[in-house]
Amino acid sequence: MELWETLPAILTGVATVYVVLLAGLWVYARRNPETVGMKDALRLLPDLLRVIRRLTADKTVSLGVRVKLILLLAYLLLPLDLVPDFLPVIGCADDVIIVALVLRSVIRSAGPEPLRRHWPGSPVGLLIIERLAGISPSDAKARPLDS
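Reading guide: rules and limits
Residues numbered from 1 in each chain as written. Predicted model: local features only at pLDDT ≥ 70, side-chain atom pairs only at ≥ 80, totals over all residues. Heavy atoms only, no water. Helix = DSSP H or I, 4+ residues; strand = E, 2+ residues; numbered from the N terminus. Buried < 20%, exposed > 50% of the residue type's maximum accessible area, 1.4 Å probe, protein only. Contact = heavy atoms within 4.5 Å. Areas by Shrake-Rupley, 256 points an atom, 1.4 Å probe, with all protein chains shown as cover. Polar contact = N/O pair within 3.5 Å; in protein donor to acceptor, adjacent residues only side chain to side chain. Patch = residues over 30% accessible without salt bridge, like charges linked within 9 Å, V, L, I, M, F, W, Y side chains within 5 Å. Salt bridge = Lys/Arg side-chain N within 4 Å of Asp/Glu carboxyl O.

> Tell me what's going on with the overall build of the protein, and back it up with residues and numbers.
Assigned secondary structure in the protein consists of 7 helices and 0 strands. Seen in sequence order, the protein has helices and strands lined up from the N terminus as α-α-α-α-α-α-α. Evaluated residue by residue, the protein yields a buried proportion of 36% over its 147 residues. For the protein, long-range pairs separated by at least 24 residues make up 64% of all intrachain contacts whose partners lie at least 6 apart in sequence. By element, 69% of the accessible surface of the protein is carried by carbon and sulfur atoms, the whole surface being about 9,200 Å².

Take a look at the structure:
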């Protein structure tokens with residue numbers, strides 16, 4: 001079988017996976033609109049980037065968690081996205097969803113304490129990030145809001 005015969009099948013497979021991913025992101029965004037608003041997410045971006053950098057440098061956080069955070073930081077800083085940002089709603093929503101998924105994974109692995117310890121922003125911003133990361137409001141209220 002030659003490359004020219006195989007290439008259309010490969011491209012079709014990649015396109016299918018991409019469409020399925022887009023559909024999954026769209027369904028997730030539609031089912032979880034209360035997670036965090038786009039305006040709130042954009043306001044929190046500088047603090048979020050700082051906390052990711054600080055967590056990545058923290059040697060008390062496991063290597064697996066730090067690798068996840070490095071990959072997330074690279075994804076956020078690179079101009080290429082899974083979904084182009086010029087597409088309405090879903091263009092920016094993919095970034096928020098990916099951040100939420102990685103933060104949830106990080107919190108499951110490392111717990112919420114490293115996030116709280118390294119958070120550079122306001123207590124309200126931390127509550128929004130905790131909500132984005134899937135920490136329940138009762139857990140967030142049970143802990144003191146020190147920086």
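> Help me get a handle on the side chain of Thr 56, residues and values and all.
Within the fold, Thr 56 resides in helix α2 (residues 38-57). With relative accessibility at 17%, the residue Thr 56 sits in the buried group. There is a polar contact of 2.7 Å between the side chain of Thr 56 and the backbone oxygen of Ile 52. If we skip the residues at most four places from it in the chain, Thr 56 touches Arg 66, Leu 69 and Ile 70.

> Can you tell me about a nonpolar patch on the surface, naming the residues and giving the values?
On the surface, a cluster of nonpolar side chains totalling about 300 Å² of accessible area is made up of Leu 63, Val 67 and Leu 71. Following the sequence through the fold, Leu 63 ends up in helix α3 (residues 63-77). With relative accessibility at 58%, the residue Leu 63 sits in the exposed group.

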